[in-house]
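Analysis of the macromolecular model
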Amino acid sequence: TLELLDPAGRGVDQAQLQVRGDMIHPGMAPVQGNVGQAVRGQYPVTFEWSMAGDWILTVDGQLQDGRRLLRTFELRVEPAP
């Protein structure tokens, strides 16, 4: 789940978001996330991770007023037990 808030801390809905995961080491194909409908700024994102390891998650989008949003996050996907 991605949370999108305005400066006052209120949830922002109706943004157009794309989410991509890239492995930190080269040679792996990126993974595209499926972004669902937001409720009070909470955007559900579904991924099918291709493997465990270190990833860079990129969120690229456009707010309803036309402003662009671009953020990156580092995360680790752990193998299933």
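See the structure shown above.
The following paragraphs examine the structure supplied in this document. In every chain, residue numbers begin from 1 and rise along the written sequence. The predicted origin of the model limits local features to residues at a pLDDT of at least 70 and limits the giving and counting of side-chain atom pairs to 80 or more, whereas totals for whole chains, interfaces and linings rest on all residues. Just so you know, side-chain values use all the structure's heavy atoms and leave hydrogens and water out.

**Concerning the pairing of strand β7 (residues 68-77)**
Quick note on the threshold: Strand pairing is defined by DSSP finding a minimum of two bridges between the two strands. To qualify as a helix, a DSSP run of H or I must reach at least 4 residues; to qualify as a strand, a run of E must reach at least 2; elements of each kind are numbered from the N terminus.
Of the pairings in the sheet, the one linking strand β6 (residues 53-62) to β7 comprises 10 bridges and is antiparallel in character. Bridged to aspartate 60 within β7 is leucine 70. Joining the antiparallel neighbours β6 and β7 is a turn of five residues, in which glycine 66 adopts a positive phi near 100°.

**With respect to the environment of glutamate 78**
Heads up, the condition is: Summary of the burial criterion: residues with accessible area below 20% of their type's maximum are buried, those above 50% are exposed, and those between are partly exposed, where the area comes from a 1.4 Å probe applied to protein chains only.
Relative to the helices and strands, glutamate 78 is located in the segment after β7. In this structure glutamate 78 comes out as exposed when scored by relative accessible area, which is 54%. Measuring from C-alpha to C-alpha, the distance between glutamate 78 and arginine 20 comes to 18 Å, with 58 residues separating the pair along the chain.

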